[in-house]
Amino acid sequence: MNTFKRFTGHLRTILAHKHQVLINCAKAGILRQGITHDLSKFSPAEFIPGVRYFQGDKSPNIGEREAFGYSLAWMHHKGRNKHHFEYWNDLNLDLKRYAPVKMPTKYLIEMFCDRVAASKVYAKEKYTDAYALGYFNRRKEHPEMHPETEAMLRKLLTMLAEKGEDETFAYIRDLRRKNSY
């Protein structure tokens, strides 16, 4: 694939993803987060590798990892975007090692919106409300995610799979009201 096609493909994917996250965040009652979601993807540290490793059906970070054994773009991204559970790791003074921290509700909701949006963008016509839960379950354990964060994310993804978007986003709006921030 030539550079122009990778550039336009990557840009279209980012914009489609941001648009879908914006829709989801509006449904969840966190519109401001939807507007500012993933702005770091337009930084040179993330955009240039995104074009270089664009594949169209999965994250360019996978291609960068295959090439180098790690993804600098991903490390840049997760360190700047609080809706990624990987952001929420800090030195635990009792354990004397880094450990996951429980995510604040507003970022957990954005993470849910992000995962659903990514599932829609990458799965395209194969998408169902159960898709994001299936993707989540393929990673059997999530030791780097705080157990309460993991349990709530699983609950939301399961609700989406079983009850659909309308009921899940209604539940999320209520959850958000109860957990002011």
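Above this text is the structure in question.
Conventions and cut-offs
Residues numbered from 1 in each chain as written. Predicted model: local features only at pLDDT ≥ 70, side-chain atom pairs only at ≥ 80, totals over all residues. Heavy atoms only, no water. Helix = DSSP H or I, 4+ residues; strand = E, 2+ residues; numbered from the N terminus. Buried < 20%, exposed > 50% of the residue type's maximum accessible area, 1.4 Å probe, protein only. Axes fitted to C-alpha atoms, helices over the stretch in contact; angles between N-to-C directions. Parallel < 35°, antiparallel > 145°, perpendicular 65-115°, else oblique. Left-handed = near helix turned anticlockwise from the far one by under 90°. Contact = heavy atoms within 4.5 Å. Nonpolar A, V, L, I, M, F, W, Y, C, P; charged D, E, K, R; others polar. Core = buried A, V, L, I, M, F, W, Y, C linked by side-chain atoms within 4.5 Å. Polar contact = N/O pair within 3.5 Å; in protein donor to acceptor, adjacent residues only side chain to side chain. Phe/Tyr/Trp six-rings, centres within 6.5 Å; stacked < 30°, edge-to-face > 60°.

**Student:** Got a minute to help me understand the overall build of the protein in this structure?
**Tutor:** A count of helices and strands for the protein gives eight helices and two strands. Written out in order from the N terminus, the α and β elements of the protein read α-α-α-α-α-β-β-α-α-α. C-alpha atoms of the protein, sized along the principal axes, occupy 50 × 45 × 30 Å. For the protein, the residues scored as buried account for 44% of the 181 residues in total.

**Student:** Looking at this structure, I do not really get the environment of Thr 128. What am I missing?
**Tutor:** Mapped onto the elements, Thr 128 comes out in the loop between helix 6 (105–123) and helix 7 (131–138). Residues Thr 128 and Thr 3, 125 residues apart in the sequence, show an inter-C-alpha distance of 32 Å.

**Student:** Teacher, can you tell me more about the packing of helix 1 (residues 3–28) against helix 3 (residues 44–52) here?
**Tutor:** Helix-helix packing is described using two parameters, namely the angle between the two axes and the distance between the axes. Where helix 1 contacts helix 3, the axes come no closer than 8 Å and their chain directions differ by 125°. Looking at the two axes, helix 1 sits oblique to helix 3. For helix 1 against helix 3, the interelement crossing comes out right-handed. Contact residues: Thr 3, Arg 6, Phe 7, His 10, Leu 11 and Ile 14 in helix 1; Glu 46, Phe 47, Gly 50, Val 51 and Arg 52 in helix 3. Classifying every residue of the contact of helix 1 with helix 3 by side-chain character gives five nonpolar, three polar and three charged.

**Student:** Explain the packing of helix 6 against helix 8 (residues 147–178) to me, please; I cannot follow it from the model alone.
**Tutor:** One way to put it is that helix 6 packs onto helix 8 with a least axis distance of 10 Å and a crossing angle of 80°. The angle between helix 6 and helix 8 places the two elements in the roughly perpendicular class. Seen from helix 6, the contacting residues are Thr 105, Leu 108, Ile 109, Met 111, Phe 112, Cys 113, Arg 115, Val 116 and Lys 120; seen from helix 8, they are Thr 149, Met 152, Leu 153, Leu 156, Leu 157, Leu 160, Glu 165, Thr 168, Phe 169, Ile 172, Leu 175 and Arg 176. Residue composition of the contact of helix 6 with helix 8, grouped by class: 14 nonpolar, three polar and four charged.

**Student:** How should I be thinking about the nonpolar core in this particular structure?
**Tutor:** In summary, soluble globular proteins display a tendency toward joint burial of nonpolar side chains. In terms of nonpolar packing, the biggest core is built from 27 residues, with Ala 28, Met 103, Phe 112, Cys 113, Leu 153, Leu 157 and Ile 172 touching the most fellow members. Within the residue set of this core, elements represented by two or more residues are helix 1, helix 6, helix 7 and helix 8. Examining the composition of this core, we find that nine residues originate from one element, helix 6, more than from any other. Not counting residues within four places of it along the chain, the set of residues in contact with Ala 28 comprises Ile 109, Cys 113, Phe 169, Ile 172, Arg 173 and Arg 176.

**Student:** Would you explain the side chain of His 77 in this entry?
**Tutor:** By the secondary structure assignment, His 77 is in helix 5 (residues 72–78). Of the polar contacts made by the side chain of His 77, one reaches the side chain of His 84; its length is 3.0 Å.

**Student:** Sorry if this is basic, but what is going on with unusual backbone geometry here?
**Tutor:** Comment: phi is negative for the bulk of residues other than glycine, and the bulk of peptide bonds are trans. In the Ramachandran plot, Asp 38 falls in the positive-phi region, its phi being about 60° despite a non-glycine side chain. Examined against the element boundaries, Asp 38 turns out to sit in the loop between helix 2 (31–36) and helix 3. Here Lys 124, not a glycine, exhibits a phi torsion of approximately 55°, which is positive. Mapped onto the elements of the fold, Lys 124 is located in the loop between helix 6 and helix 7.

**Student:** How should the packing of aromatic side chains be read in this particular structure?
**Tutor:** Each aromatic ring pair is characterised by the separation of its centres together with the angle its planes make. Enumeration over the complete set of coordinates arrives at seven aromatic pairs. Taken together, a centroid distance of 6.1 Å and an interplanar angle of 35° make the contact between Phe 68 and Tyr 70 tilted. Exposure remark for Phe 68: the relative accessible area of 48% places this residue in the partly exposed category. Tyr 70 sits in the partly exposed class, given a relative accessible area of 39%. On the numbers, 5.1 Å between centres and 65° between planes, the contact of Tyr 87 with Trp 88 is edge-to-face. Judged by relative accessible area, Tyr 87 falls into the partly exposed class, the value being 28%.

Keep in mind these numbers describe shape, not what the thing actually does.
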